[in-house]
Amino acid sequence: MQKQLGIASLVALVISTMIGAGIFSLPQNIAAGASAGAVSIAWLITGVGMSALVLVFHFLAKVKPELQGGIFDYAKAGFGDFMGFNSAWGYWICNLLANVSYAVVFFGALSIFTDTTDWVLFGEGNTVAAIIGASILVWTMHFLVLRGVQVAAAVNIVATIAKLLPIIVFIVAVILAFQYEKFSFDFWGTATPELGSVMDQVKASMMVTLWVFIGIEGAVIVSGRAKNRSDVGKATIIALICALTLYIMVTLFTFGVMTQPEIAALHNPSMGQILAHILGPCGAKFVSAGLVISVSGALLSWTVVSAEAPFVAAKSGLFPRCFRRENKNGSASFSLWASTLLVQFFLIMTLVQESTYLALVYIATSAVLLPYLLAAAYAVKLVISQQKREHKMSSLIIAIIATLYSCWLVYAAGLDALLLCALLYAPGIWVYRKAKKEADESFLTSHKEKTFAALLIFMAITACYMIATGTINL
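Residues numbered from 1 in each chain as written. Predicted model: local features only at pLDDT ≥ 70, side-chain atom pairs only at ≥ 80, totals over all residues. Heavy atoms only, no water.

Caption draft 1: Looking closely at the confidence of the model for the chain. Looking at the chain as a whole, the pLDDT averages 83, with 89% of positions reaching at least 70. Ranking the elements of the chain by mean pLDDT puts helix 10 (residues 218-221) last with 60 and helix 20 (residues 428-438) first with 93. (pLDDT = per-residue confidence, 0-100. Helix = DSSP H or I, 4+ residues; strand = E, 2+ residues; numbered from the N terminus.)

See below:
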């Protein structure tokens, strides 16, 4: 593996992976379920929880530098091959669905320049023209990454800088238009009973923040290609601070420009509508242009990570050997082809049934919870098992906080999302069996592995039944 990614490339990769389409709709998504006061609490909890997760990744990268598979190897080292495989499989599924959402949103944003009341070309990003365009975009990213991860990373640095410009302009505009009286009005949402209690509002907000932070572990996934292993943790921490600062400013400051009900009623991308409220109609087009650039960079980052995920897992023996193949440029060629073909399949599904796409986006956030939880739990297990270590107590506290935060996110996701997630996890059992057969190793050796596999199959069957009976709507 060519170690050519410096700290700037790693930071750009993580920021671009996290800050994609989500931030441009974040004001409305947050305001739809919470007031300014509850949002403040949600960001505080999310900041602590995500910081703990990032510090866990940093800790594991330092004490276990030999685990170059990152988030997957952590699950494997702590809880066995089958849990390691499920961590890799779930993370891969999340990446694929993220790519689908970015490709569709890209053309949804372009509709502001092409569509009129009499002519709909791209619509919400799920018309025939939009899916054809999205397919071309996805395959363009595919062939760019085939030229080498370092080439894609260089392009990504430029895209990251370009997409931050409209976000910074938006933040400056809302700061200048900020009114404290409007911000403090109905601070806890008591005048809006449909929001529920403050705790209900916090829970609703935190579900939104999960999606915009997925990708924080991007540098860990490609750690094997980093020039210096120590840059991985630094890049992740820098990216977290940058992203958290932007998210807080984008969401909280808007409550000083428009009221919660006004923001909640906006169409997405809501940043464009808010900027149009401040600067006029040109504001919406400016943000939509920024969204197009942002999604391009994010899609490129997710294409890199989605190819690396099964490639790294195969190097660890968790995926079949074919996923280890590289081309002359050092790109994970087979893994990339498999990823792009699956993204193409999911894109066609969004054309057949729009609601399926919306369900897949929500499942993507649920699919990544298991990898996060297993990595945090492994850190707890590792710290406890070490006899002597400097700052052992602080490391244990951070690992416990990250584990509790991950458990809370699993609870907040809800049963329906977990059942649908199991529907995508279950086919992975066959892939894992193939990998074990190639390695001439036993399949599902322990009672715990057999029990977990049986649980996944049961939940998948339950999900199919509930979909058929209409209990779960796609």
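Picking up where we left off.
Caption draft 2: Broad picture of the nonpolar core. In terms of nonpolar packing, the biggest core is built from 161 residues, with Phe213, Tyr247 and Phe319 touching the most fellow members. With sequence-adjacent residues up to four places away left out, Phe213 is seen in contact with Met18, Trp43, Thr46, Met50, Leu240, Ala243, Leu244, Tyr247 and Tyr372. (Core = buried A, V, L, I, M, F, W, Y, C linked by side-chain atoms within 4.5 Å. Buried < 20%, exposed > 50% of the residue type's maximum accessible area, 1.4 Å probe, protein only. Contact = heavy atoms within 4.5 Å.)

Caption draft 3: Quick look at helix 21 (residues 447-469). Between its first and last C-alpha, helix 21 extends 33 Å over 23 residues, near the 33 Å set by a 1.5 Å rise per residue. Of the positions making up helix 21, those classed as buried are Glu449, Phe452, Ala453, Leu456, Met459, Ala460, Ala463 and Met466. Where helix 21 is buried, its residues contact helix 5 (81-114), helix 17 (369-385), helix 19 (415-425) and helix 20. Trailing helix 21 by a residue or two, Gly470 shows a phi angle of about 85°, which is positive. (Expected span 1.5 Å × (residues − 1).)

Caption draft 4: Broad picture of the packing of aromatic side chains. All chains considered together, the criterion is met by 29 aromatic pairs. Relative to Phe122, the ring of Phe107 has its centre 5.1 Å away and its plane inclined at 65°; by these criteria the two rings are edge-to-face. Of this pair, Phe107 sits in helix 5 while Phe122 sits in the loop between helix 5 and helix 6 (128-146), placing them 15 residues apart in sequence. The buried category is assigned to Phe107, whose relative accessible area is 8%. (Phe/Tyr/Trp six-rings, centres within 6.5 Å; stacked < 30°, edge-to-face > 60°.)

Caption draft 5: Region of interest: the pattern of salt bridges. Enumeration according to the criterion identifies three salt bridges in this entry. For the salt bridge of Lys436 with Asp81, the shortest nitrogen-to-oxygen distance reads 2.5 Å. Here the residue Lys436 occupies a position in helix 20, and Asp81 occupies one in helix 5, the gap between them amounting to 355 residues. Accessibility expressed as a relative area gives 23% for Asp81, which makes it partly exposed. One salt bridge connects Glu441 with Lys436, and the closest N-O pair in it is separated by 2.7 Å. Residue Glu441 is classed as partly exposed on the basis of its relative accessible area of 43%. By sharing partners, the salt bridges in this structure join Asp81, Lys436 and Glu441 into a single network. (Salt bridge = Lys/Arg side-chain N within 4 Å of Asp/Glu carboxyl O.)

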